[in-house]
Each structure stands twice: as structure tokens, then as C-alpha cells.
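# Inside the fold
Listed below are the residues making up each chain.
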Protein chains: 2
Amino acid sequence: MTTARAGRARSTRQGVAVESLLEASSGFRSAQDLHAELRRRGDAVGLTTVYRHLQSLVDGGSVDMLRTVDGEALYRQCADSRHHHHLVCRRCGTAVEVSGQAVERWAGAVAREHGFTDVDHTVEVVGTCGECSAGPAPSS
Amino acid sequence: MTTARAGRARSTRQGVAVESLLEASSGFRSAQDLHAELRRRGDAVGLTTVYRHLQSLVDGGSVDMLRTVDGEALYRQCADSRHHHHLVCRRCGTAVEVSGQAVERWAGAVAREHGFTDVDHTVEVVGTCGECSAGPAPSS
DNA sequence: CGTGAACTGGTAACGGTTTTCATCTGCAGC
DNA sequence: GCTGCAGATGAAAACCGTTACCAGTTCACG
């Protein structure tokens with residue numbers, strides 16, 4: 001264990017499948033959703049394995065995870081690995097990465113004001129994107 | 001349905017128990033937690049019933065609900081029924097209600113900038129409160 | 001009191017996620 | 001090319017919070 005995690009990533013068909021599908025997706029997607037689409041594409045990956053890869057990608061910081069109101073976990077590969085938040089379309093799920101010094105400052109200030117330290121925060125903005133509000137029909 | 005739902009709220013021992021325990025709690029608590037404490041106090045309320053009351057309190061807007069990272073639902077009775085956010089202690093769970101025009105404005109601006117409409121947002125700030133950072137022992 | 005609608009709560013069902021464990025497979029090293 | 005094996009896989013079972021079911025209880029009102 002002195003030597004970090006030894007041979008960390010053995011390249012496998014499954015790992016590549018999950019990562020590339022995630023990369024090709026523009027919005028947040030659930031594990032089951034990814035699992036289903038992979039199967040549909042004829043490149044099936046066990047559900048357990050999908051979860052395993054998502055988990056390590058999240059741990060590694062290359063994928064962001066958030067929870068829906070009803071507790072389901074959604075994943076998304078983000079271009080920017082620095083701290084950022086999301087603007088998500090409630091209709092089509094498309095997400096845009098946004099950053100805002102304003103919020104960061106506000107969070108820090110509010111926390112300090114109440115004697116809180118070691119502050120962290122979760123901020124997600126949901127709305128209806130231009131495309132979706134243009135064509136009200138849930139398409140597909 | 002002209003006459004709203006008739007005698008909507010019949011005051012029951014269980015309902016009072018849940019509401020008052022919630023009222024006496026300063027932080028977010030899980031349904032199971034509330035259920036356990038009520039039982040401990042000798043004022044047991046069925047788990048199903050606890051969930052039912054929490055549900056309607058949330059619907060009625062007098063209680064706020066949020067999800068932990070691992071998908072568990074937490075509830076809290078808030079003094080202010082207007083829009084607000086929370087500053088939660090990651091150690092003891094105590095929560096402070098905070099409001100910030102800054103965030104609201106930021107969210108609106110960011111959304112507009114990307115063509116999103118009908119915007120909503122979730123913002124939670126977590127940190128360690130003064131008391132907890134003073135006495136590092138997780139007490140009780 | 002009597003009646004019925006609202007409420008209660010034990011138990012079963014649910015759905016997403018994690019664990020288990022027997023099997024398989026990259027990837028050295030020969 | 002083979003071989004050995006640590007790491008990877010995945011079907012099935014376990015978990016766990018939450019919800020549905022439904023028979024039994026309670027309360028308001030006549």
C-alpha cells in the first residue's frame with residue numbers, strides 16, 4: 001500500500017464502454033439508464049460493473065454525481081475538473097457547467113457569519129433550456 | 001371537491017408527537033431517527049405513520065426536506081416559510097436558515113445567460129459549527 | 001350511543017444500490 | 001505463444017430507506 005494503488009486501471013471492454021458512453025452524453029444519467037443503453041447497443045455491461053466504474057470515476061473526480069429528489073443517483077462526466085456547479089434542464093436533462101464566484105463568496109460569508117468553518121456547499125440550478133421551452137412537446 | 005378535503009386534519013396523539021418532536025429539534029433528522037426517538041420516549045408512533053405525517057407536513061410547506069449524499073431523506077421544521085436555504089453542521093446536524101439575494105440573483109443571471117427559463121435551484125451549505133469545531137469529540 | 005370517514009401501524013412489496021463469490025481476463029513474465 | 005494470477009466481471013442475494021396494502025382503531029357528528 002505504500003505504492004499507491006498498484007496497477008490501478010486495467011483497460012477492459014466494460015470500462016471503456018461506460019466511460020465513452022458517459023463522454024458522449026450531455027446530461028446527467030442514472031446507472032440503470034447507462035446500463036440499459038449499453039445493453040441496447042449490444043455492448044452490455046453488468047449493472048454491478050456499471051456501478052463500480054461510476055463509483056471509481058466519481059472518486060477520481062472525473063465524474064460528478066448528484067441525487068434526484070427521489071433519491072436516485074445521476075452521473076455526468078464534466079469537462080472542467082475544477083469546482084463548478086450545474087445548470088440542468090428539467091425536461092431533457094442537458095447540463096451546462098457554470099461557475100460563480102458570487103455563490104462561493106456568499107457561501108463563505110454566510111458560514112463565517114454564523115461561526116461555521118471548513119465549509120462546503122452543493123448548488124444546482126434547474127430550469128427549462130431554450131430548446132425545450134421552444135418545442136414544448138417532450139419530443140422523442 | 002368543492003368543499004376542500006373535509007375535516008382534513010384530525011388531531012391525533014401521533015400527529016402531535018411527530019410535530020412537536022420536529023419542533024424541538026434544531027437540525028435535520030431522518031424519519032427513522034424520529035421514529036426511534038419517539039419510541040425511546042415511550043410515545044411510539046408507527047414508522048408508516050411517521051412517514052405519512054412528514055409527507056403531509058412537507059406538502060403543506062411547514063417542513064423542509066433534503067437528501068443526504070447517500071439518498072436518505074432528512075426533515076426539518078423551518079421557522080421561515082419563505083424561500084430560504086440552509087447552513088448545516090456536518091457534525092451535529094444543527095441547521096441555520098439563511099437567505100441570500102446574492103445567490104438568487106446569481107442563479108437567475110446564469111440561467112438567463114444560457115437561455116434557461118422557469119428557474120429553480122437547490123443550495124445547501126455544510127460546514128462545522130462553532131460548538132463542534134471547539135469540542136472535536138462527536139459527543140453523544 | 002351508532003356510524004362512517006379518517007387515521008394507524010404491522011407487514012409485504014418496491015426500487016435503487018451494494019455485497020458476495022465463483023468465474024473470467026488483461027497483462028506480465030517466461 | 002503459453003501460463004499464472006491479481007484484478008475485473010456479473011448473476012444473484014442481501015440491504016435499506018421508503019411506499020403500498022389493508023384490517024383494525026379512533027374520533028367527530030348526528
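Use the structure listed above.
This write-up is about the structure you can find in this document. (Residues numbered from 1 in each chain as written. Chains lettered and ligands numbered in written order. Predicted model: local features only at pLDDT ≥ 70, side-chain atom pairs only at ≥ 80, totals over all residues. Heavy atoms only, no water.)

### Some points on the overall build of chain A
From N to C terminus, chain A includes five helices and six strands. Its C-alpha atoms put chain A at 55 × 55 × 25 Å along the principal axes. Here chain A holds 140 residues, and 38% of them are scored as buried. Between the averaged position of the 16 positive side-chain charges in chain A and that of its 17 negative side-chain charges there is a distance of 5 Å. (Helix = DSSP H or I, 4+ residues; strand = E, 2+ residues; numbered from the N terminus. Buried < 20%, exposed > 50% of the residue type's maximum accessible area, 1.4 Å probe, protein only. Lys, Arg positive; Asp, Glu negative; His and termini not counted. Charge placed at Lys NZ, Arg CZ, Asp CG, Glu CD.)

### Quick notes on helix α2 (residues 31–40) of chain A
Residues and elements named next belong to chain A. Buried within α2 are the following residues: Ala31, Leu34, His35, Glu37 and Leu38. The arc that holds every buried residue of α2, seen down its axis, measures 170°, which confines them to one face. The exposed residues of α2 that point more than 90 degrees off its buried face are Arg39 and Arg40. Of the surrounding secondary structure, the elements contacted by the buried residues of α2 are α1 (13–24), β1 (29–30), α3 (47–60) and β3 (73–77). Once α2 finishes, Gly42 follows within two positions and takes phi at roughly 80°, a positive value. (Arc of directions from axis to C-beta. Contact = heavy atoms within 4.5 Å.)

### Description of the nonpolar core
Leu87(A), Trp106(A), Phe116(A), Leu87(B), Trp106(B) and Phe116(B) are the most contacted members of the largest nonpolar core, which has 26 residues in total. Where this core is concerned, the elements lending two or more residues are β4 (85–89), α4 (101–113) and β6 (117–128) of chain A together with β4 (85–89), α4 (101–113) and β6 (117–128) of chain B. What Leu87(B) contacts, discounting residues up to four positions off in sequence, is Val110(A), Ala111(A), His114(A), Phe116(A), Thr94(B), Ala95(B), Val96(B), Val98(B) and Val125(B). (Core = buried A, V, L, I, M, F, W, Y, C linked by side-chain atoms within 4.5 Å.)

### Section: the protein's contact with DNA strand C
Looking at DNA strand C, there are 19 residues lining it, with Tyr51(A), Ala73(A), Arg10(B), Thr12(B) and Arg52(B) nearest. Within the side chain of Arg10(B), a nitrogen or oxygen atom sits 2.7 Å from a base nitrogen of DNA strand C. Counting only elements with at least two residues in the surface near DNA strand C, the list comes to α3 of chain A together with α1 (13–24) and α3 (47–60) of chain B. No other element matches the four residues that α3(B) contributes to the surface near DNA strand C. In terms of residue class, the surface near DNA strand C is made up of three nonpolar, 10 polar and six charged. (Near = heavy atom within 4 Å. Polar contact = N/O pair within 3.5 Å; in protein donor to acceptor, adjacent residues only side chain to side chain. Nonpolar A, V, L, I, M, F, W, Y, C, P; charged D, E, K, R; others polar.)

### Examining the pattern of salt bridges
This structure, assessed with the given rule, holds 14 salt bridges over all chains. For Arg29(B), the salt bridge goes to Asp33(B), with nearest N and O atoms at 3.0 Å. With a closest N to O distance of 2.6 Å, Arg29(B) and Glu37(B) form a salt bridge. For the pair Arg29(B) and Glu37(B), one class covers both residues: buried. Residues joined by salt bridges that share partners form a network here, namely Arg29(A), Asp33(A), Glu37(A) and Arg41(A). (Salt bridge = Lys/Arg side-chain N within 4 Å of Asp/Glu carboxyl O.)

### Thoughts on the sheet that holds β3(A)
Residues and elements named next belong to chain A. What the three strands build is an open sheet, ordered β1-β3-β2; its pairing is antiparallel. Where the open sheet ends on each side, the last strands, each with one partner, are β1 and β2 (63–67). One ladder, built from two bridges, connects β1 with β3; its direction is antiparallel. Residue pairing across strands places Arg29 opposite Tyr75, the latter belonging to β3. This element, α1, spans β1, β2 and β3 of the sheet and lies at about 80° to β3. (Pairing = 2+ DSSP bridges. Axes fitted to C-alpha atoms, helices over the stretch in contact; angles between N-to-C directions.)

### So, the protein's contact with DNA strand D
Taken together, 19 residues lie around DNA strand D, and Arg10(A), Thr12(A), Arg52(A), Tyr51(B) and Ala73(B) are the ones closest in. In DNA strand D, the atoms that sit within 4 Å of the protein are 58% sugar and phosphate, with bases accounting for the remainder. Contact between DNA strand D and Gln14(A): a sugar or linking oxygen at 3.0 Å from a side-chain N or O atom of the residue. Here a phosphate oxygen of DNA strand D and a backbone polar atom of Ala73(B) are 2.7 Å apart. Contributions of two or more residues to the surface near DNA strand D are made by α1 and α3 of chain A together with α3 of chain B. Among the elements that make up the surface near DNA strand D, the one with the highest residue count is α3(A) (four residues). When its residues are assigned to classes, the surface near DNA strand D shows four nonpolar, nine polar and six charged.

### Focus on the relation of the copies chain A and chain B
With an axial shift of 0.1 Å and an RMSD of 0.2 Å, the rotation relating chain A to chain B amounts to 179°. These values place the two chain copies in the arrangement generated by a two-fold rotation axis. Mapped onto chain B, 100% of the interface residues of chain A are again interface residues, and the two copies thus contact each other with one and the same surface. (Least-squares fit on C-alpha atoms with pLDDT ≥ 70 in both.)

### Side note on unusual backbone geometry
Residue and element names in this part refer to chain A. Phi angles above zero are rare outside glycine, and Asp118 is one such case at about 55°. Mapped onto the elements of the fold, Asp118 is located in strand β6. With a relative accessible area of 57%, Asp118 lands in the exposed category.

From the geometry alone we can't say anything about function, so treat these as descriptive.
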